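Commentary on secondary and tertiary structure
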Amino acid sequence: MAREQHDYDDIPGTFVFDAERSRQGYGINMFCMSLMKDGNRKAFKANEAAYLKKFNLTPEQTDAILKRDYNRMLELGGNIYFTAKLGATDGHSFQHLAALMTGSTQQDYAAMMLAGGRSIEGNRSRSGKKTPSKRKAKSKSKTRSAKRK
Amino acid sequence: MARIVAGIGSSHVPAIGAALDNGKTEEPYWKRIFSGFEKSQAWMRDTKPDVAIIVYNDHASAFSVEMIPTFALGCAAEFPPADEGWGPRPVPVVEGHPALASHIAQSVILDEFDLTICNKMEVDHGMTVPMNLLFGKVEKSGHWPCPVIPLAVNVVMYPPPTGHRCFMLGRAIRKAVESYPEDLKVVIFGTGGLSHQISGPRAGLINSKWDKNFLDSLSGNPQKLVKIPHIDYMREAGAEGIEMVMWLIMRGALDEKVDEVYRFYTVPASNTAVGHIILANRGRGGAHKSAAKSATKPKRSGSKLKRAAARVKTERISS
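Sequence order as written defines residue numbering, which begins from 1 separately in each chain. Lettering of chains starts at A and numbering of ligands starts at 1, both following the order in which they are written. For this predicted model, a pLDDT threshold of at least 70 governs which residues receive local features, and a threshold of 80 or more governs which side-chain atom pairs are given and counted, while totals over whole chains, interfaces and linings are taken from all residues.

Scanning chain B from terminus to terminus reveals 11 helices and 10 strands. Here a residue counts as buried when 20 or more other C-beta atoms fall within 10 Å of its C-beta, as exposed when 12 or fewer do, and as partly exposed in between; the C-beta atoms come from the backbone. Looking at chain B as a whole, 56% of its 319 residues are labelled buried. Any two residues are considered in contact once their C-beta atoms, placed from the backbone, lie within 7 Å. Taking all contacts inside chain B whose residues are at least 6 apart in sequence as the whole, residues at least 24 apart take part in 82%. Secondary structure elements are defined from DSSP: runs of H or I of at least 4 residues count as helices, runs of E of at least 2 residues count as strands, and each element is numbered from the N terminus.

Here it is in structure tokens:
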């Protein structure tokens, strides 16, 4: 069944962890949660594919985990707070994962954050339909009401 | 009766906790953040609340995907810090206030907010980081300065409760607190945010303009925030920026008109815009102990003066 379409699918570079993904990705997130225990981390690292068989995962999900394709994990129902545990198990900082997901180097990502982060301009909408015009109108009315005060 | 004297908004970035726990607070990157809370800690020491209600969210620590309660109220006598994969944070066990917590549960459920009751719950950085920012560093063997009632909100799985629902829950909590017979001074925290996205190719998003508007409205025109749909938070403030709805529970628990005591904003703490605000109910104390009990229509000139004083005290430190 095709994924139901939502208004938030228009946000670029974003996989919203909604109820449908939560259902789909239950196995991914439960696998990640298991990595909170040291014994499980060791068992996973000793034989990743065998360890993953203990969880209810589709072949695509298993593949994304083995390849550490973090964006694909999110698309298939993983949640970032859970998949971050896989990154930590690999000994990576969160910034390393963020850089991976954004397709940049860790140095570039860190520099972007220090410079104030990724700008919202140009990052609001895939379709381009959502322009800041609506918000601008809102903020204008706010200035007006502030003036009235 | 018990009364809510002030609301506190604060980000709860995990790296802030790690910086504190690993003795990095003097490094310039972190000092910039911690120094923004020095005045708040002094305010908190003066205010001396008897209880703090802390609205926060769990990050795959105490709650997995096995159970996802929308609103979970901690009614236990104590809440141990959760092991988030690096061992529990070296902070004291958080003491609860089971009597007030169960009173709130009973009152708000009858007001049609169907809370989950947690009589056993661990708490993660979402709660303990704002506690450190406002109460300062407390040794593991020590005690937090006051008991805490945790209110965990699902903001991890979409959809979280709407901003309107959060605001109305705040109101119901206030009503519950004010019907508690013991004379207690209560503060309420809204935590999380401000703008940030930590997932997917758009990770690293920060929207300082949005954040500033949010803080302005929170202070002076909260009804405007109540109407914001989830899509706007996610689009404008990042997929994880939707945590900001939790601040509306805090705001709903305060008077319609409040005094902004303090504000702080800086970018970034790791991937997040750090926002902080203290809003005090008028004529009910905040830092002033002998607050008028007559909440209705205090002398106009007096409250005007107080407002003016509060404006002067407001600090705006931006990066």
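There is more to say after this.
Here the focus is the sheet that holds strand β1 (residues 3-10) of chain B. Pairing between the strands of a sheet is mediated by backbone hydrogen bonds and can be parallel or antiparallel. Residues and elements named next belong to chain B. Judged by pairing direction, the sheet is mixed, and its 8 strands sit side by side in the order β6-β3-β7-β2-β8-β1-β10-β9 without closing on themselves. Single-partner strands in this sheet number two, and they are β6 (116-118) and β9 (258-269). The average angle at which neighbouring strand axes cross in this sheet is 20°, direction not considered. Pairing of β9 with strand β10 (residues 272-281), which is carried by 9 bridges, proceeds in the antiparallel orientation. Each residue of the ladder has a partner; that of Tyr 262, found in β10, is Ile 278. Lines fitted to the C-alpha atoms define the axes, with helices restricted to the stretch that makes contact. Angles between their N-to-C directions range from 0 to 180 degrees. With respect to the sheet, helix α7 (residues 208-220) is in contact with β1, β9 and β10, its orientation differing from that of β10 by roughly 10°. A strand pair is defined by DSSP finding two or more bridges across the two strands.

Here we take up the environment of Glu 112 of chain B. Within the fold, Glu 112 of chain B resides in the loop between α4 (98-110) and β6. Between the alpha carbons of Glu 112 of chain B and Leu 151 of chain B there is a distance of 16 Å; along the sequence they are 39 residues apart.

What follows deals with the packing of helix α8 (residues 94-102) of chain A against helix α9 (residues 106-114) of chain A. All names here are of chain A. At a minimum axis separation of 9 Å, α8 and α9 run at an interaxial angle of 100°. With respect to α9, the axis of α8 lies roughly perpendicular. Along its contact with α8, which presents Gln 95, His 96, Ala 98, Ala 99 and Thr 102, the element α9 presents Gln 106, Tyr 109 and Ala 110. Nonpolar residues are Ala, Val, Leu, Ile, Met, Phe, Trp, Tyr, Cys and Pro. Charged residues are Asp, Glu, Lys and Arg, and all others, Gly as well, are polar. Of the residues contributing to the contact of α8 with α9, the split by class is 4 nonpolar, 4 polar and no charged. Between 65 and 115 degrees an angle is taken as roughly perpendicular, under 35 as roughly parallel, over 145 as roughly antiparallel, and anywhere else as oblique.

How big an interface is tends to be stated in terms of accessible area lost as the parts join. In this complex, chain B contributes 29 residues to the contact, which on the side of chain A involves 42 residues. For the side of chain B that touches chain A, the elements supplying multiple residues, two or more each, are α9 (230-237) and β9 of chain B. Among the elements that take part in the side of chain B that touches chain A, α9 of chain B stands out by supplying 4 residues, more than any other.

Before going further, it helps to spend a moment on the pairing of strand β7 (residues 148-153) of chain B. All names here are of chain B. With respect to burial, β7 is a largely interior element, 6 of its 6 residues being buried. Of the two faces of β7, the one lined by Val 148, Pro 150 and Ala 152 and the one lined by Ile 149, Leu 151 and Val 153 are each fully buried. Summarising the sheet, strand β2 (residues 51-56) and β7 pair through 5 bridges and their orientation is parallel. Looking at the pairing, Tyr 56 lines up with Ala 152 of β7. In terms of strand pairing, strand β3 (residues 71-74) meets β7 through 3 bridges, oriented antiparallel. Paired with Ala 72 across the two strands is Ala 152, which belongs to β7.

With 13 residues, α7 of chain B ought to run about 18 Å at 1.5 Å a step, and its terminal C-alpha atoms sit 18 Å apart, in line with that. Contact partners of the buried residues in α7 of chain B: β1, α8 (222-226), α9, α10 (245-252), β9 and β10 of chain B. Take the residue count of a helix, subtract one, and multiply by 1.5 Å to get its expected span.

This next bit is on helix α5 (residues 59-66) of chain A. All names here are of chain A. Turning to α5, its buried residues number three or more, namely Gln 61, Ala 64 and Ile 65. Taken down its axis, α5 places every buried residue within 100° of arc, on the same side. In α5, the exposed residues that point more than 90 degrees away from the buried face are Pro 59 and Leu 66. On its buried face, α5 is in contact with α2 (26-34), α4 (48-52) and α6 (70-75). Positive backbone phi, approximately 55°, marks Arg 68, located one or two places after α5. An arc is given here, and it is the one of the directions from the helix axis to the C-beta atoms.

The subject of this paragraph is the nonpolar core. Note on soluble globular proteins: their nonpolar side chains tend to be buried together. Residues and elements named next belong to chain B. Working definition: the nonpolar core is a set of buried Ala, Val, Leu, Ile, Met, Phe, Trp, Tyr and Cys residues, joined through C-beta atoms within 7 Å. Ile 53, Val 55, Ile 104 and Met 246 are the most contacted members of the largest nonpolar core, which totals 133 residues. With 8 residues, helix α6 (residues 163-178) is the single largest residue contributor to this core. Setting aside residues no more than four positions away along its own chain, Ile 53 makes contact with Ile 149, Leu 151, Ile 173, Val 186 and Ile 188.

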